Structure formats: structure tokens, C-alpha cells
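Notes for the structure review
In case you want the letters, here they are:
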Amino acid sequence: PSGRTVLVTGGAGFIGSHLVDALVEDNAVRILDNFSSGTPDRVHPDATVFEGDIRDDATLSRAMDGVDLVFHEAALVSVQASVEEPKRSHSVNLEATLSLLECARREDARVVLASSAAIYGQPEYTPIDEGHPTEPSSPYGLEKLTIDRYARLYHELYGLETVALRYFNVYGPRQAGGDYSGVISIFLEQARNGEPITVNGDGTQTRDFVHISDVVQANLLAAQTESVGAAFNVGTGETVTIRELAETIRSVVGSDSEIVHRDPRPGDIEQSQAELSAIRSALGYEPTVTLADGLQTLVEAT
Ligand code: UD1
């Protein structure tokens, strides 16, 4: 997109801040963030900052005033926190998103929103296509499923241009921080500190790790597509076991950390892998960063 007025919610966070970086040159970019897990140092200096809680209607409404395009990345991203405090996570992840969709209706703005592979729950088959049954196993997954459906419904009922992107396991620079991070940033820190690398269970579980730059690519394509009212997986279609991941990170870092196995994490997803035909054909998305390259650059750059 270019020449647009764009709002990135969660623009000081991991995914949001990378999106801002990709947009600022050609667009007037705003961010809305309460800096609960996002940090000011991640915000591009050319972005206009609206500081506040996404649940605050006045703040949200001001940030949305006059926008053409919204990337909605603000959320409580910890699955565990959603299990502990479902009402809190519901209010941020679901209710605030509904308010945002209402503002978007007023502005007639396109909304690209962050959905999640968590909506599928324990997969019945892999690779997981968008038609796979949705049986979320956490409040977080249920909230993401609901906003993913609302996005489609707002298109059907009001003609709003919406696209939901179902992220698989996203990784890259700036992910660490706050009380929550993905396994790659945890393993990286353990390997660098020479601490034991903690694999949950036997490590045979698989994940589809997608580099942040490909997530940005998917968002930029979603901002332009004619395929609105739809939801797309965002991954690589490739998988790795968590045990292999631990070994790769140890060798890329050049660490002598030992790899230890802990009890399996209750409810842990066994196999995860994105099926990408839909996003390939509708958006022209093509993952560009292999896990090997993504890990290499992550280690070099951070
Ligand atoms: C990820 C997302 C989550 C999303 C879900 C959708 C992240 C951080 N989380 O959860 O938002 O809802 O996909 O399917 O991207 N592990 C270890 N040792 C550790 C930490 C983790 O072995 O110290 C294992 C976990 O048990 C799991 C795998 O690594 O098997 C990935 O864990 P994690 O990074 O927390 O992501 P998901 O649980 O897949």
C-alpha cells in the first residue's frame, strides 16, 4: 500500500512494529499501543503514537478517525494467560476487536486482522487447510476463532473489506520481551547463556515456524487483495520437530548447552503444519525465509 492512512494496533509489539517499519516510507502510519508488552524503542520514529488501551472506546475512536487501512495486531498473546484469566483475555482479544470493527465500519476502512492456528486446536490431519475443523482448546483460541468469524461476517453483512490471517508459529527479531515468548527465543537465550535447553516432552512434536518477514509479506498482500471476507493460513508449509529445533539452535549458536527433556506441556499440539494453497493462489504469497536461514540471521543480528 502507498499514500494511505494506516493504523497498526499493537504497533509497539513484535509483529506490529515490523509491519510499521514496512509501511512508514509510503504511508501515514499510526500506532495504537498501551505498551503493556510492546516497548517504545521498537516504534519507528515516523509513526504517530496513540498511547492507550484498545478497550478504551475514546482512544480507539481517535486512533481510527480518518484511517483507510488497519492492521490489527494488538492482543494478549499468551495462551497460558488466557487460561488463567479468560475474562481479561476475552475483553482484549474479542470485545476490543468488535469495537475496532465497528469503527472500521464507520470509516469504511479495510481491516487485516491477526487470527491464529490456535483456532484449529488439536489437528485431525496435516497439513491443516482453512477448512479444517475448528476446536480451539484455550480461551485464546476461541477468541481468535470468534474474531476470525466476525471479520467474515462484517464483510457479508456490511460489505467491510476484511482479511483474517491465521498465523502459525511466528519468530524473528524483537520477539523476546514481556512475560511471554515463543520457543525459538527461549531456546536461543538458553543456548547463549549455556543453560540447559528445555524440551517439553520427547520433542517429537512438530511446528511450522514462519519468519516475521513472511508474515509482513502476507499482511501487505492482504492489504491489496480483492479476496476480502476470507481467512488464510500464514506459515511455510515446512515442519521441524522441537528436538531438531533445539539441536539446530545449539549448533548455530555454537553452544555446549545440554538438551534436557521435561514433562510434556498439558494440551500441547502434536503436529502443526500449514497448508498454503489458498493464500498462494488468492494473494500470491510465497514464503521466502527457510528456518535455517531465519535462525542464522537471528543469531547474527541479535
Ligand atoms: C503457538 C503460538 C500461540 C498460538 C499457537 C497456535 C507462539 C509463542 N505461540 O503456540 O500464540 O496460539 O501457536 O497453534 O508463537 N516448548 C519447549 N520448551 C520450551 C517452550 C516451548 O519444548 O521451553 C515447546 C512447546 O511445548 C511446543 C513448542 O515448543 O511443543 C512450541 O511452543 P510455543 O513456542 O509456546 O508455541 P505453541 O504452543 O505452538
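Everything below is about the structure printed above this text.
1. With respect to the overall build of the protein chain
Along the protein chain, the regular secondary structure elements total 10 helices and 13 strands. Expected size for 302 residues packed as a compact globule is a radius of gyration near 19 Å; at 19 Å, the protein chain falls within 12% of this value. The principal-axis extents of the C-alpha atoms in the protein chain amount to approximately 55 × 40 × 40 Å. With 302 residues in all, the protein chain has 51% of them scored as buried. Pairs at least 24 residues apart make up 76% of the contacts formed inside the protein chain by residues separated by at least 6 positions. Carbon and sulfur atoms make up 46% of the accessible area of the protein chain, which amounts to about 13,200 Å² in all. Here the protein chain holds 22 positive side-chain charges and 46 negative ones, and the gap between their average locations is 3 Å.

2. A closer look at the packing of aromatic side chains
A complete count under the given rule lists 4 aromatic pairs for this structure. Residues Tyr 171 and Phe 209 carry aromatic rings whose centres are separated by 6.4 Å and whose planes lie at 85° to one another, so their mutual orientation is edge-to-face. Note that Tyr 171 is positioned in strand E7 (residues 169-171) and Phe 209 in strand E10 (residues 209-211), a separation of 38 residues in sequence. In this structure an aromatic cluster arises from ring pairing among Tyr 150, Tyr 154 and Tyr 158. Just above the ring of Tyr 158 sits the side chain of Arg 105; from NZ or CZ to the centre is 3.8 Å.

3. Regarding a nonpolar patch on the surface
A surface patch of nonpolar side chains, about 280 Å² in accessible area, is lined by Leu 153, Leu 157 and Tyr 158. Along the chain, the position of Tyr 158 falls in helix H5 (residues 139-158).

4. Side note on helix H1 (residues 14-23)
The buried fraction of H1 is high, at 8 of 10 residues. Among all positions in H1, only Phe 14, Ile 15, Gly 16, Ser 17, His 18, Leu 19, Val 20 and Leu 23 are buried. In this fold, the buried residues of H1 make contact with strand E1 (5-9), strand E2 (28-33), strand E4 (69-72), strand E6 (162-167), E7 and helix H7 (212-224).

5. A closer look at the pattern of salt bridges
Applying the stated criterion to the full structure yields 12 salt bridges. Glu 107 is the partner of Arg 106 in a salt bridge, and the nearest nitrogen-oxygen pair spans 2.9 Å. Notably, a salt bridge pairs Asp 148 with Arg 166, separated by 2.7 Å at the nearest N-O pair. Of this pair, Asp 148 sits in helix H5 while Arg 166 sits in strand E6, placing them 18 residues apart in sequence. Residues Asp 148 and Arg 166 agree in their burial class; the two are buried. Through salt bridges with shared partners, one network takes in Arg 207, Arg 265 and Asp 268.

6. Here's the deal with the nonpolar core
One finds Phe 71, Leu 165 and Val 234 to be the most contacted residues of the largest nonpolar core, which totals 42 residues. Residue contributions to this core peak at 6 residues, all from H7. Beyond its immediate sequence surroundings of up to four residues, Val 234 is in contact with Leu 165, Arg 166, Tyr 167, Phe 168, Val 210, Val 215, Ala 218, Ile 279 and Tyr 285. Grouped together as the second largest cluster of nonpolar side chains are 27 residues, Ile 54, Met 64, Leu 101 and Ala 231 included.

7. Let's talk about the site of the ligand
With respect to spatial proximity, 21 residues lie near the ligand, and among them Thr 198, Asn 200, Arg 207, Arg 265 and Asp 268 are the closest. Within the side chain of Asn 169, an N or O atom sits 2.9 Å from an oxygen atom of the ligand. Between the ligand and Arg 207, the relevant distance is 2.6 Å, taken from an oxygen atom to a side-chain nitrogen or oxygen of the residue. The protein chains hide 89% of the 730 Å² of surface that the ligand would expose on its own. Tallied by class, the residues present in the shell around the ligand amount to 11 nonpolar, 6 polar and 4 charged. Split by domain, the shell around the ligand shows at least three residues from each of two domains, domain 1 (5-170 + 209-236 + 273-283) and domain 2 (176-206 + 239-269 + 290-301).

The rules behind these values
- Residues numbered from 1 in each chain as written.
- Predicted model: local features only at pLDDT ≥ 70, side-chain atom pairs only at ≥ 80, totals over all residues.
- Heavy atoms only, no water.
- Helix = DSSP H or I, 4+ residues; strand = E, 2+ residues; numbered from the N terminus.
- Rg over C-alpha atoms; globule rule 2.2 N^0.38 Å.
- Buried < 20%, exposed > 50% of the residue type's maximum accessible area, 1.4 Å probe, protein only.
- Contact = heavy atoms within 4.5 Å.
- Areas by Shrake-Rupley, 256 points an atom, 1.4 Å probe, with all protein chains shown as cover.
- Lys, Arg positive; Asp, Glu negative; His and termini not counted.
- Charge placed at Lys NZ, Arg CZ, Asp CG, Glu CD.
- Phe/Tyr/Trp six-rings, centres within 6.5 Å; stacked < 30°, edge-to-face > 60°.
- Lys NZ or Arg CZ within 6 Å of the ring centre and 35° of its normal.
- Patch = residues over 30% accessible without salt bridge, like charges linked within 9 Å, V, L, I, M, F, W, Y side chains within 5 Å.
- Salt bridge = Lys/Arg side-chain N within 4 Å of Asp/Glu carboxyl O.
- Core = buried A, V, L, I, M, F, W, Y, C linked by side-chain atoms within 4.5 Å.
- Near = heavy atom within 4 Å.
- Polar contact = N/O pair within 3.5 Å; in protein donor to acceptor, adjacent residues only side chain to side chain.
- Nonpolar A, V, L, I, M, F, W, Y, C, P; charged D, E, K, R; others polar.
- Domains from an automatic or database assignment.

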